[in-house]
Amino acid sequence: MSLELTDLCRYPIVQAPMAGGASGPQLAGAVAEGGGLGFLAAGYKTADGMYNEIKQLRRITGGPFGVNLFMPQPALADPSAVEVYRHQLAGEAAWYETPLGDPDSSGDDGYEAKVAILLEDPVPVVSFTFGCPARDTLDAFARAGTHTVVTVTSAEEAQRAQWAGADTVCVQGVEAGGHQSTHRDDPQIGPTGTGLLSLISQVRETVRIPVVAAGGLMRGAQIAAVLAAGADAAQLGTAFLACPESGAHPLHKQALTNPLFVRTELTRAFSGRPARGLVNRFVREHGPYAPAAYPQVHYVTSGLRRAAAETGDAQGMALWAGQGHRMARELPVGELIELLAAELEAARSALSMRSPR
């Protein structure tokens, strides 16, 4: 990593910012205290809600941390396709006895207000999902002393992030849980993606800035693998999801290793944007018909997801998870980071012993 990021954490371990409640102050603070780089997820929160969580986190830890922002989304959705999907979900609304949400809610996620707060009261790191900020925004964060990270899913996106002035790119492989952070979700293209190891190599040959690798990483040996492939650090999300400090719903945590949920897939069912989650009833029944319409579909299904969680029905919840979800370990964050670090060191030692002298 660059000198700035190297100083932020004892281990090359970054906690992914998982929006929806998992990545709150308790998780980010525990990761920072454990020697990793913790992240608050500001997506789906108001600007005031984000700032209140930053204040809570600062009371938990004096260590460095990051805040993740969602980029405003262009209006690409076909309103008629969204309306057809709403009709398809009418049975779900009746079953859960809750109305469908308004698809015309704001698509900018309070981005400008959040940027203003983070420039007024800077944090060590700010990362961006679903796009790349303008150069003047990244320059403003640089003047504020904030290290910027742009999440990318291709070498082309990484190159644009470097041109715009990002300090680091987070390279997200198709194995990653949750939303794919493509900078433009083309409605004409189905859910696709590149495997992490191939993507690291492609990005490394394209840009000069540091690389954080994300996608299905659950063990220290996998961290060693992405570091050997050219990454400067590893970002883990699902690995931290089962920790007691995680704000994920208990049913979500249990589902990671529940034999009822045998696989993950990319689906638009819950949000209208490709996201990897455990395959449950909702994904099977509605995934094939969900339009490319983010965040409209996210708002339409928000009440359904909340009702499913409140009634204890994991088959109606968005159970985001990476491909390595069955390897989740229910450990406190500090213990998990120490174990990951020990596994990383063991893998490095084993590789060194095998290397020709």
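Everything quoted here is computed from the prediction, not taken from an experiment.

### Regarding the sheet that holds strand S1 (residues 13-15)
Taken in spatial order, the 8 strands make up an open sheet running S1-S9-S8-S6-S5-S4-S3-S2, and their pairing is parallel. One side of each edge strand has no neighbouring strand; the edge strands of this open sheet are S1 and strand S2 (38-41). Within this sheet the neighbouring strands show an average axis-to-axis angle of 25°, counted without direction. Bridge analysis of strand S3 (residues 65-70) against strand S4 (residues 125-129) gives 5 bridges, and the strand direction is parallel. Looking across to S4, one finds that Phe70 is bridged to Thr129. Relative to S3, helix H6 (residues 111-120) is tilted by about 160°, and along the sheet it contacts S3 and S4. Running at roughly 135° to strand S9 (residues 233-236), helix H10 (residues 220-228) makes contact with S1, strand S8 (211-214) and S9 of the sheet.

### Concerning the packing of aromatic side chains
Applying the stated rule across the entire model yields 6 aromatic pairs. With 5.1 Å between their ring centres and 85° between their planes, Tyr44 and Phe70 make a pair best called edge-to-face. Taken together, the residues span a long stretch of sequence, with Tyr44 in the loop between S2 and helix H3 (47-60) and Phe70 in strand S3 at a distance of 26 residues. Look at Phe270 and Phe282: their rings are 4.6 Å apart centre to centre, the planes differ by 15°, and that puts the pair in the stacked class. A residue pair is termed long-range when its members are at least 10 positions apart, and Phe270 in the loop between strand S10 (264-267) and strand S11 (275-278) and Phe282 in helix H13 (residues 281-286) qualify at 12 residues. With respect to burial, Phe270 and Phe282 carry one shared label: buried.

### Focus on the pattern of salt bridges
It is possible for side chains of opposite charge to pair when their charged atoms get near one another. Here the structure, examined in full by the defined rule, presents 12 salt bridges. Between Arg10 and Glu338 there is a salt bridge; the shortest N-O distance is 3.7 Å. With Arg10 in the loop between helix H1 (3-6) and S1 and Glu338 in helix H15 (residues 333-354), the pair connects residues that are 328 residues apart, well separated along the chain. Glu338 sits in the partly exposed class, given a relative accessible area of 40%. A salt bridge links Glu92 to Arg281; the shortest N-O distance between them is 2.7 Å. You can see Glu92 sitting in helix H5 (residues 90-96) and its partner Arg281 sitting in helix H13, a full 189 residues away along the chain. You'll find Glu92 and Arg281 in the same group, each marked buried. Residues participating in the shared-partner salt-bridge network are Glu92, Arg281 and Glu285.

### Looking at helix H7 (residues 135-143)
All of the buried residues along H7 are Thr137, Leu138, Ala140 and Phe141. Axial view of H7: buried residues confined to an arc of 155°, hence all on one face. Turned more than 90 degrees away from the buried face of H7, the exposed residues are Asp136 and Arg143. Where H7 is buried, its residues touch H6, S4, strand S5 (147-152) and helix H8 (155-164).

### Side note on the sheet that holds strand S7 (residues 178-179)
Two modes of strand pairing occur in sheets, parallel and antiparallel, and in both the strands are linked by backbone hydrogen bonds. Taken in spatial order, the 3 strands make up an open sheet running S7-S11-S10, and their pairing is antiparallel. Because the sheet does not close on itself, it has two edges, and the strands there are S7 and S10. Bridge analysis of S10 against S11 gives 4 bridges, and the strand direction is antiparallel. For Thr267, the partnering residue across the bridge sits in S11 and is Ala275.

### Comments concerning the packing of H3 against H6
Each pair of packed helices can be described by the angle between their axes along with the distance between the axes. Put simply, H3 and H6 touch, their axes get as near as 9 Å, and they point 30° apart. The pairing of H3 with H6 is recorded here as roughly parallel in orientation. Crossing hand, H3 versus H6: right-handed. Facing Ala47, Met50, Tyr51 and Ile54 of H3, the residues of H6 in contact are Ala113, Lys114, Ile117 and Leu118. Along the lines of polarity and charge, the residues of the contact of H3 with H6 split into 7 nonpolar, no polar and 1 charged.

### As for the nonpolar core
Counting 97 residues, the largest nonpolar core has Val67, Leu69, Leu118, Phe128, Val169, Leu236 and Phe240 as its most contacted members. Leaving out residues up to four positions away in the same chain, Val67 has contacts with Phe39, Leu40, Ala42, Met50, Ile54, Leu118, Val123, Val125, Val126 and Ser127. One finds Leu5, Leu8, Phe39 and Val149 within the second-largest nonpolar core, a separate group that totals 12 residues.

### Regarding the environment of Arg204
By secondary structure assignment, the location of Arg204 is in helix H9 (residues 196-204). You can call Arg204 partly exposed: its relative accessible area is 28%. The spacing of Arg204 and Ala231 is 27 residues in sequence and 8.2 Å in space, taken between C-alpha atoms. Beyond its immediate chain neighbours, meaning those up to four positions away, Arg204 contacts Ile209, Pro210, Val211, Gly230 and Asp232. A polar side-chain atom of Arg204 sits 2.5 Å from a polar atom in the side chain of Asp232.

### Quick notes on the packing of H6 against H7
At their nearest, the axes of H6 and H7 sit 10 Å apart, and the two run at 25° to each other. Comparing the axis directions of H6 and H7 gives the class roughly parallel. Seen from H6, the contacting residues are Tyr111, Val115, Leu118 and Leu119; seen from H7, they are Thr137, Ala140 and Phe141. Residues of the contact of H6 with H7, tallied by class, amount to 6 nonpolar, 1 polar and no charged.

Quick notes on the rules
Residues numbered from 1 in each chain as written. Predicted model: local features only at pLDDT ≥ 70, side-chain atom pairs only at ≥ 80, totals over all residues. Heavy atoms only, no water. Pairing = 2+ DSSP bridges. Helix = DSSP H or I, 4+ residues; strand = E, 2+ residues; numbered from the N terminus. Axes fitted to C-alpha atoms, helices over the stretch in contact; angles between N-to-C directions. Contact = heavy atoms within 4.5 Å. Phe/Tyr/Trp six-rings, centres within 6.5 Å; stacked < 30°, edge-to-face > 60°. Buried < 20%, exposed > 50% of the residue type's maximum accessible area, 1.4 Å probe, protein only. Salt bridge = Lys/Arg side-chain N within 4 Å of Asp/Glu carboxyl O. Arc of directions from axis to C-beta. Parallel < 35°, antiparallel > 145°, perpendicular 65-115°, else oblique. Left-handed = near helix turned anticlockwise from the far one by under 90°. Nonpolar A, V, L, I, M, F, W, Y, C, P; charged D, E, K, R; others polar. Core = buried A, V, L, I, M, F, W, Y, C linked by side-chain atoms within 4.5 Å. Polar contact = N/O pair within 3.5 Å; in protein donor to acceptor, adjacent residues only side chain to side chain.

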